[in-house]
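Architecture and fold: a report
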Amino acid sequence: MNEVYHGWLIELVAESNGFSFQCWLPGNRLAVSDRQVYPTLDAARSAAQTRADTESAKWSLNHWYATYIERKFGDEPLSLEHLILATLG
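Here goes a summary of the coordinates provided. (Residues numbered from 1 in each chain as written. Predicted model: local features only at pLDDT ≥ 70, side-chain atom pairs only at ≥ 80, totals over all residues. Heavy atoms only, no water.)

**Structural notes on the overall build of the protein**
- Each helix and strand counted, the protein has two helices and four strands in total.
- N-terminal to C-terminal, the α/β element order of the protein is β-β-β-β-α-α.
- Expressed as a percentage of the 89 residues in the protein, the buried residues total 25%.
- Only carbon and sulfur atoms are counted for the fraction: they give 54% of the accessible area of the protein, which is about 6200 Å². (Helix = DSSP H or I, 4+ residues; strand = E, 2+ residues; numbered from the N terminus. Buried < 20%, exposed > 50% of the residue type's maximum accessible area, 1.4 Å probe, protein only. Areas by Shrake-Rupley, 256 points an atom, 1.4 Å probe, with all protein chains shown as cover.)

**A word on the nonpolar core**
- If you look at the biggest cluster of nonpolar residues, it comprises 13 residues, and the most contacted ones within it are Trp 8, Ile 10, Phe 21 and Cys 23.
- The dominant element in this core, judged by the number of residues it contributes, is helix α1 (residues 41–70), at four residues.
- With residues near it in sequence (within four places) discarded, Cys 23 still touches Trp 8, Leu 9, Ile 10, Leu 30, Ala 31, Val 32, Ala 48 and Ala 52. (Core = buried A, V, L, I, M, F, W, Y, C linked by side-chain atoms within 4.5 Å. Contact = heavy atoms within 4.5 Å.)

**Considerations on the sheet that holds strand β4 (residues 31–32)**
- Read from one edge of the open sheet, four strands run β1-β2-β3-β4, paired in antiparallel fashion. Since the sheet does not close on itself, it has two edges, and those belong to β1 (2–5) and β4, each with one partner.
- Relative to strand β2 (residues 8–15), β1 runs antiparallel, the two being bridged by four bridges. Along β2, the bridge assignment pairs Glu 3 with Ile 10. (Pairing = 2+ DSSP bridges.)

**Quick notes on α1**
- Here α1 is 30 residues long and its end C-alpha atoms lie 43 Å apart, about the 44 Å a rise of 1.5 Å per residue gives.
- Taken together, the buried positions of α1 are occupied by Ala 44, Arg 45, Ala 47, Ala 48, Ala 52, Glu 55, Ser 56, Ser 60 and Thr 67. (Expected span 1.5 Å × (residues − 1).)

**A word on unusual backbone geometry**
- In this model, His 6 sits at a positive phi of 50 degrees, which is unusual for a non-glycine residue.
- Considering the arrangement of structural elements, one finds His 6 in the loop between β1 and β2.
- His 6 gets classed as exposed once you look at its relative accessible area, which sits at 56%.
- Here the phi dihedral of Arg 35 falls at roughly 60 degrees; this positive angle occurs in a residue that is not glycine.
- For Arg 35, the location among the structural elements is in the loop between β4 and α1.

Here you go:
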């Protein structure tokens, strides 16, 4: 079963003893998973959404830090919110 969540494609997979997940960014070969098996579909979905949110925050903060280091702020500093939205959008 596939679902879209905050720009991520979440693949929920039925396993012999529960459900697992993989999160993908469309157009990107990178997938993330915690390689755990959850007893219910809802538990796997919740874990996948948490992982997608965590990865998005991590990438946004890395982008903000790289931009800060490169001093590409100009006269007006970019807000972290702006950089997060630019990274996700």
